[in-house]
Amino acid sequence: MPLALAFDTDSYFYGMLPVVIGIGQAFGVNALPIAVAMVVCRNCATFISPMVPATLLGTGLAEVDIKDHIEASFGYVWVFSILCMLAAILFGIMPL
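Just so it is clear, the structure is predicted and the values come from calculations on it, not from any experiment.

Here is what the cut-offs are and how they apply
Residues numbered from 1 in each chain as written. Predicted model: local features only at pLDDT ≥ 70, side-chain atom pairs only at ≥ 80, totals over all residues. Heavy atoms only, no water. Helix = DSSP H or I, 4+ residues; strand = E, 2+ residues; numbered from the N terminus. Buried < 20%, exposed > 50% of the residue type's maximum accessible area, 1.4 Å probe, protein only. Contact = heavy atoms within 4.5 Å. Areas by Shrake-Rupley, 256 points an atom, 1.4 Å probe, with all protein chains shown as cover. Phe/Tyr/Trp six-rings, centres within 6.5 Å; stacked < 30°, edge-to-face > 60°. Salt bridge = Lys/Arg side-chain N within 4 Å of Asp/Glu carboxyl O. Expected span 1.5 Å × (residues − 1). Axes fitted to C-alpha atoms, helices over the stretch in contact; angles between N-to-C directions. Left-handed = near helix turned anticlockwise from the far one by under 90°. Nonpolar A, V, L, I, M, F, W, Y, C, P; charged D, E, K, R; others polar.

Peer 1: Account for the overall build of the chain, with residues named and values stated.
Peer 2: A count of helices and strands for the chain gives five helices and zero strands. Each of the 96 residues in the chain was classed as buried or not, and the buried ones make up 33%. Put simply, 58% of the contacts in the chain that link residues at least 6 apart link residues at least 24 apart. Accessible surface, the chain: about 6000 Å² in total, of which carbon and sulfur atoms supply 73%.

Peer 1: Give a detailed account of the packing of aromatic side chains, specifying residues and quantitative values.
Peer 2: Per the counting criterion, the structure on display carries two aromatic pairs. Measuring from ring centre to ring centre gives 5.3 Å for Y12 and F13, while their planes differ by 85°; the resulting arrangement is edge-to-face. According to the relative accessible area criterion, Y12 is buried, its value standing at 4%.

Peer 1: Lay out the pattern of salt bridges with the relevant residues and their values.
Peer 2: Opposite charge on two side chains lets them pair, provided their charged atoms get close. If you walk through the whole model with that rule in mind, you get two salt bridges. One salt bridge in this structure joins K67 and D68, with 3.3 Å as the shortest N-O distance. A salt bridge links K67 to E71; the shortest N-O distance between them is 3.8 Å. Linking K67 with E71, this pair stays in helix 5 (residues 66–90), spanning four residues, or about one helical turn. Given the relative accessible area of 46%, K67 is considered partly exposed. Because the salt bridges share partners, they merge into one network encompassing K67, D68 and E71.

Peer 1: If you had to explain helix 3 (residues 31–45) to someone new, which residues and values would you point to?
Peer 2: Its 15 residues give helix 3 an end-to-end C-alpha distance of 21 Å, which sits within 8% of 21 Å, the value for a rise of 1.5 Å per residue. For helix 3, the set of buried residues is P33, I34, V36, A37, M38, V40, C41, R42, C44 and A45. Packed against the buried residues of helix 3 are helix 1 (2–6), helix 2 (9–26) and helix 5.

Peer 1: Summarise the environment of L5; cite the residues concerned and give the values.
Peer 2: With respect to the secondary-structure elements, L5 resides in helix 1. Each C-alpha atom of the pair L5 and V52 lies 9.2 Å from the other, and the pair is 47 residues apart in sequence. Not counting the four nearest positions on each side in its chain, L5 is found in contact with R42, A45, I48, S49, P50, M51 and F74.

Peer 1: Account for the packing of helix 3 against helix 5, with residues named and values stated.
Peer 2: At a closest axis distance of 9 Å, the pairing of helix 3 and helix 5 adopts a crossing angle of 145°. Considering how the two elements wind past one another, helix 3 and helix 5 form a crossing that is right-handed. Facing V36, A37, V40, C41, C44 and A45 of helix 3, the residues of helix 5 in contact are V77, F80, S81, C84, M85 and A88. Classifying every residue of the contact of helix 3 with helix 5 gives 11 nonpolar, one polar and no charged.

This is how it looks when you write it as structure tokens:
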């Protein structure tokens, strides 16, 4: 999830995802669990990332500093992304 804060959506999916899948495949890990993990974490962290224009618009309209928004939301997003990963494992979407 922390990587999702550092990259915008396009560079995350078109730049980081293929690289991480390639590294995983070099160690014998299938692409599907890596892709599911990265997609779930990115989707959970989208709206606390300062790289997303909607986040900047929302914090500007609410008159909240982006730093305060990230600090207040980071723990909740981290827990939510872990719960989503567990749900993906339980539903069989992400094999172990």
